[in-house]
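One letter stands for each residue in the lines below.
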Amino acid sequence: MSILTETPIDLVPGPSSDRSEGQLLEVSMGPQHPSTHGVFRMDVTLDGEKVVKLKPVFGYLHRNHEKIAETESYLGCMPYTDRLDYICSITNNWAYALAVEKLAGIQVPERAEYLRIITGELTRLQNHAGLVGFLMQDMGASGTPLMYAFREREKVLDLFEALTGARMMCNYMRFGGCRVDVPANWLQQAQKVIDGFPQFLDEFENLLTSNEILMARTQGVGVVTREQAINAGISGPMARASGVNYDLRKVDKYGIYDRFSFRVPLGEHGDVYDRYMLRALEMRESIEILKQAMRDLPAGPIMDPNTKIRGFRPKAGEAYGRIEGPKGELGFYLISDGTASPYRYRVRPPSLINLTLLEDMCLGQNVADIVIILGSVDIVLGEVDR
Amino acid sequence: MLGEGILKGLTETARNFLGSYVSKDRLTTIQFPEERLPQIEATRDFPFLVYDGTEWEAGLRCVSCQICEKECPPKCIYIEKSKDKKPDATGKLQFYPTTFNIDISVCMSCQICVEVCPFDAIKMNVEFEMSSEDRFGGLLLRKEQLAKSNEYYNKIHPTEATAVDAALAEERAKAEAKARQTTEAKAATPAPMATPEAGETK
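Residues numbered from 1 in each chain as written. Chains lettered and ligands numbered in written order. Predicted model: local features only at pLDDT ≥ 70, side-chain atom pairs only at ≥ 80, totals over all residues. Heavy atoms only, no water.

**Notes on the overall build of chain A**
The condition is simple: In this text, helices come from DSSP runs of H or I with a minimum length of four residues, and strands from runs of E with a minimum of two, each type numbered from the N-terminal end. Exposed residues in this analysis have more than 50% of their type's maximum accessible area, buried residues have under 20%, and partly exposed residues fall in between, with area computed by a 1.4 Å probe over protein chains only. It only takes one pair of heavy atoms within 4.5 Å for two residues to be counted as in contact.
For chain A, the helix and strand inventory stands at 16 helices and eight strands. For the C-alpha atoms alone, the extent of chain A along its principal axes is close to 85 × 50 × 35 Å. The burial tally for chain A puts 60% of its 386 residues in the buried class. At a minimum sequence separation of 6, the contacts of chain A that also span at least 24 residues come to 71%.

**Description of the overall build of chain B**
The criterion, for reference: The atom set for the radius of gyration is the C-alpha atoms, and the globule formula is 2.2 Å times the number of residues raised to the power 0.38. Computed by Shrake-Rupley with a 1.4 Å probe, the accessible areas treat only the displayed protein chains as cover when residues are assessed. A positive count includes Lys and Arg, and a negative count includes Asp and Glu. His and the chain ends are not counted in either. To locate a charge, take atom NZ for lysine, CZ for arginine, CG for aspartate or CD for glutamate.
In terms of regular secondary structure, chain B is built from eight helices and eight strands. Relative to the globule expectation of 17 Å for 202 residues, the C-alpha radius of gyration of chain B, 26 Å, shows a markedly less compact shape. With respect to the principal axes defined by its C-alpha atoms, chain B has extents near 100 × 40 × 30 Å. For chain B, the residues scored as buried account for 37% of the 202 residues in total. Nonlocal contacts in chain B, meaning residues at least 24 apart in sequence, comprise 68% of its contacts between residues at least 6 apart. Roughly 12,700 Å² of accessible area belongs to chain B as shown, and the carbon and sulfur atoms make up 58% of that amount. If the 26 positive side-chain charges of chain B are averaged to one point and the 32 negative ones to another, these points end up 4 Å apart.

**Describing the sheet that holds strand E2 (residues 77–81) of chain B**
Residues and elements named next belong to chain B. Just so we agree on the cut-off: Two strands are counted as paired when DSSP detects at least two bridges linking them.
Spatially, E2-E5-E7 is the arrangement adopted by the three strands of the open sheet, whose pairing is antiparallel. In the strand order of this sheet, the two ends are held by E2 and strand E7 (140–141), each with one partner. Bridge count between strand E5 (residues 97–103) and E7: two bridges; the pairing is antiparallel. Of the residues in E7, the one forming a bridge with isoleucine 102 is leucine 141.

**Focus on the nonpolar core**
Under the convention used in this document: By nonpolar core is meant a set of buried Ala, Val, Leu, Ile, Met, Phe, Trp, Tyr and Cys residues that side-chain atoms within 4.5 Å join together.
Residues A:Tyr96, A:Leu122, A:Phe175 and A:Leu358 are the most contacted members of the largest nonpolar core, which totals 117 residues. It is helix H5 (residues 110–139) of chain A that provides the largest number of residues to this core, a total of twelve residues. Residues contacting A:Leu358, with those up to four places away along its chain left out, are A:Phe40, A:Met42, A:Leu54, A:Ile373 and A:Leu374. Judged by nonpolar contacts, the second largest core, of 23 residues, contains B:Tyr51, B:Phe100, B:Ile104 and B:Ile122.

**Quick word on the packing of helix H12 (residues 272–296) of chain A against helix H15 (residues 367–377) of chain A**
Residue and element names in this part refer to chain A. For the record, the criterion: Angles shown run from 0 to 180 degrees and are taken between the N-to-C directions of axes, each axis being a line fitted to C-alpha atoms and, for helices, limited to the stretch in contact. Crossings are classed by handedness, with left-handed meaning an anticlockwise turn of the near helix from the far one by less than a right angle and right-handed meaning a clockwise turn. Just so you know the grouping, Ala, Val, Leu, Ile, Met, Phe, Trp, Tyr, Cys and Pro go in nonpolar, Asp, Glu, Lys and Arg go in charged, and all remaining residues, Gly too, go in polar.
Between H12 and H15, the least distance of the axes is 10 Å, while the angle of their chain directions is 35°. Helix-helix and strand crossings are classified by hand; for H12 and H15 the assignment is left-handed. Seen from H12, the contacting residues are Val272, Arg275 and Arg279; seen from H15, they are Ile372, Ile373, Ser376 and Val377. Looking at the contact of H12 with H15 residue by residue, the class counts come to four nonpolar, one polar and two charged.

**Description of the interface of chain B and chain A**
Filter applied, for reference: Joining two parts hides part of their accessible area as seen by a 1.4 Å probe, and the buried area is that hidden amount summed over both. The working definition used for a salt bridge is a side-chain nitrogen of Lys or Arg within 4 Å of a carboxyl oxygen of Asp or Glu. What qualifies as a polar contact is a pair of N or O atoms within 3.5 Å, subject to a donor-acceptor requirement within protein and to the restriction that residues adjacent in sequence count only when both atoms come from side chains.
In this complex, chain B contributes 30 residues to the contact, which on the side of chain A involves 31 residues. Between chain B and chain A, roughly 2,600 Å² of surface is buried when both sides are summed, and carbon and sulfur atoms account for 50% of that area. At the surface where chain B touches chain A, the tally comes to four salt bridges. The closest approach of N and O atoms between B:Arg15 and A:Glu203, which form a salt bridge, is 3.7 Å. At the boundary of chain B with chain A, the tally comes to 15 residue pairs in polar contact (both at pLDDT 80 or more). Here the element with the most residues in the side of chain B that touches chain A is helix H1 (residues 4–22) of chain B; it accounts for nine residues. Considering only residue class, the side of chain B that touches chain A consists of twelve nonpolar, eight polar and ten charged.

**Let's talk about the packing of aromatic side chains**
To keep things clear, this is the line we draw: Each pair of aromatic rings taken from Phe, Tyr and Trp, with Trp reduced to its six-membered ring, is defined by centres within 6.5 Å and is described as stacked if the planes are under 30 degrees apart, edge-to-face if over 60, and tilted in the remaining cases. Definition used: whenever NZ (Lys) or CZ (Arg) falls within 6 Å of the ring centre and also within 35 degrees of the ring normal, the charge is taken to sit over that ring.
Taken as a whole and judged by the stated rule, the model has 19 aromatic pairs over all chains. Ring centres 5.7 Å apart and planes at 65° place the aromatic pair A:Tyr96 and A:Phe332 in the edge-to-face group. Residue A:Tyr96 is located in helix H4 (residues 89–104), and its partner A:Phe332 is located in strand E7 (residues 328–336); the two are separated by 236 residues in the primary sequence. Summarising the burial analysis for this pair, A:Tyr96 and A:Phe332 share the class buried. Measuring from centroid to centroid gives 6.3 Å for A:Tyr257 and A:Phe260, while their planes differ by 65°, and the two rings are edge-to-face. Grouping residues by exposure puts A:Tyr257 and A:Phe260 together as buried. Joined through ring pairs, the aromatic side chains of A:Trp94, A:Tyr114, A:Tyr254, A:Tyr257, A:Phe260 and A:Phe262 make up one cluster. Its guanidinium or amino end placed over the ring of B:Tyr152, B:Lys148 lies 5.9 Å from that ring's centre, counting from NZ or CZ.

**Some words on a positive patch on the surface**
Residue and element names in this part refer to chain B. As a reminder of what qualifies: Two distance rules govern patches: like charges are joined within 9 Å, and nonpolar side chains (Val, Leu, Ile, Met, Phe, Trp, Tyr) within 5 Å, applied only to residues with over 30% relative accessible area and no salt bridge.
On the surface, a cluster of positive charge is contributed by Lys70, Lys81, Lys85, Lys92 and Lys178. With respect to the element layout, lysine 81 can be found in strand E2. The exposure class of lysine 81 is partly exposed, given its relative accessible area of 40%.

**Thoughts on the layout of surface pockets**
Threshold: A cavity here means a set of 1 Å grid points, computed over protein atoms only, where a 1.4 Å probe fits but cannot escape. A pocket is an open set with protein on both sides within 12 Å along at least 5 of 7 lines, and lining residues have an atom within 4 Å of a point. Grid points are joined across faces, edges and corners, and a volume is the space filled by probe spheres set on the points.
Approximately 2,100 Å³ is the volume attributed to the largest pocket. The wall of the largest pocket is formed by 48 residues, among which A:Glu154, A:Lys155, A:Asp158, A:Arg167 and B:Leu37 lie closest to the centre. Counting residues per element, the ones that place at least two in the lining of the largest pocket are helix H6 (144–164) and helix H7 (186–208) of chain A. Sorting elements by how many residues they give to the lining of the largest pocket places H6(A) first, with eleven residues. When grouped by side-chain class, the residues that make up the lining of the largest pocket number 20 nonpolar, ten polar and 18 charged.

**A short note on a nonpolar patch on the surface**
Side chains of B:Phe17, B:Leu18, B:Tyr21 and B:Val22 sit close together on the surface and give an oily, nonpolar patch of about 520 Å² of accessible area. Structurally, B:Tyr21 can be placed in helix H1.

**So, the pairing of E7(A)**
Most of E7(A) is tucked away, with seven of its nine residues classed as buried. Count of turn residues in the strand E6 (residues 317–325) of chain A/E7(A) antiparallel hairpin: two residues.

**Description of the sheet that holds strand E2 (residues 41–47) of chain A**
Working definition: the strands of a sheet are paired by backbone hydrogen bonds and lie parallel or antiparallel to each other. Residues and elements named next belong to chain A. Strand order in this open sheet of three strands is E1-E2-E3, and the pairing throughout is antiparallel. Edge positions in the sheet fall to strand E1 (25–29) and strand E3 (50–57), since each has one partner strand and no second. With direction set aside, neighbouring strand axes in the sheet form an average angle of 20°. Bridging between E1 and E2 involves five bridges; their strand directions are antiparallel. Looking at E2, one finds that valine 27 is bridged to valine 44.

**Some thoughts on the confidence of the model for chain A**
All names here are of chain A. Note the following rule: Confidence per residue, as judged by the predictor, is encoded in pLDDT with a range of 0 to 100.
Of the residues in chain A, 94% reach a pLDDT of 70 or more, and the chain-wide mean stands at 85. Mean pLDDT per element in chain A: helix H1 (residues 3–6) is the minimum at 48, and E7 is the maximum at 91. Every residue in residues 1–5 scores below 50 in pLDDT, and together they form two contacts with partners more than four places removed in sequence or on other chains.

Right, dumping it as structure tokens:
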């Protein structure tokens, strides 16, 4: 008798448990939403304009990356890693190569290490430039900053094409070194791009950093505290923007990063603006590393002569190789059982783990801010879904 | 002052807009189908098979060892090996592929086939306008579509092709020198044997 009057039967499916006062609205953002950077969906529950609940739904781009790798040879896995985070394929190659090198105890020649640093830092430059452009696009600055960023990114991609043959799916590194040596004139072209990049950054920062609209939209939005960042295990620019001093280039000193002097910029507030600024500052530090690497690049072989690329069978064991990718800590965990393909192959994707804080960042914010918060996380769905 | 940052930004856009009339660095776009950028030498997209000489079927370098088929990560290569042997461009008896198909709708242009080929028979092409109305047949390239001459290879990847040609020439010279040695040795000790070419060419 009293059932009907006290608890009304909810005929509309939805977040009924959260219905506190007034009408809540459930919005499904994505998967075909232009601002979700791929096929990503957020089930957002709104109270007016404010977000009260957000549930990320992903997996639309799942393509069995880890299982496919278990059926491939160690060499055959390499081109698949390009397709994880398709913006920065070279750093993906690097992390995988590092894991295999740890597994089999391979020494990488000096020149190859330098080439890895050069291509890896160029990747960071073009990733950050592209990300900041996309972030502005998400914010409603249609086109202009994105076009400027892409103009610069294009120069780096041209360098990649001249070196590796492909603009995005580079497939450049091999366990034991790099696939090809630099062609004639490449270093001069690269030097030109690197020398021209600070000018672009100055212009870009003139355009954006002190822009009042940008500040109003981003400052105090999507705050991640230091404790939250550490507890959630996020890494990369996201964590550093919250003031966590954690950069694998300094912590692990993988490769030959201990030879370079560079600073690790840290944020203070952990909001979207800090994440934007941090990337701008990181690009400047990458240029410093690139200048040093270009200056010191030695001559010599680029492949370890004892490493067999085809029919590669490391002895049984396990290894975890990790690098500071442009998006955060990218790790590959490999178990070998002595056969030609990995027994277990696991990727630690920085985008996915950085995305775990999405709801915490978005709660209490406006709907329009979800888009820029998501944009500032820097996700690539190829890596989130694998 | 409020608005100062926006004005500062607008000077940048103005600089880029006006600069696009005078500076090549600021105007980087081209009108694509009419204008084209020069091809970058290392560019790759899909594989093709190299043949020496003028006859594609006779000069095909592929000896049907099927290494590329095994190593191809997405398994887009399909080869059927011949039962008989026939002389390749240098006159040496080799197997040849009776079928060599590459499904370029599956191919991911990783060039691992090129890396593992011990005969320099498969190389990467630069042709990208390959759209087809037939999703299955039109994107399945057969042996005759894949075969491209060594001159073509030299044209699209000059540096790489010159190195490959030099290496092959050296190898052939070595093989010839060895063959001459054995024939000389044979001449010293006469052995009445029919040449194998005569027996097996059909």
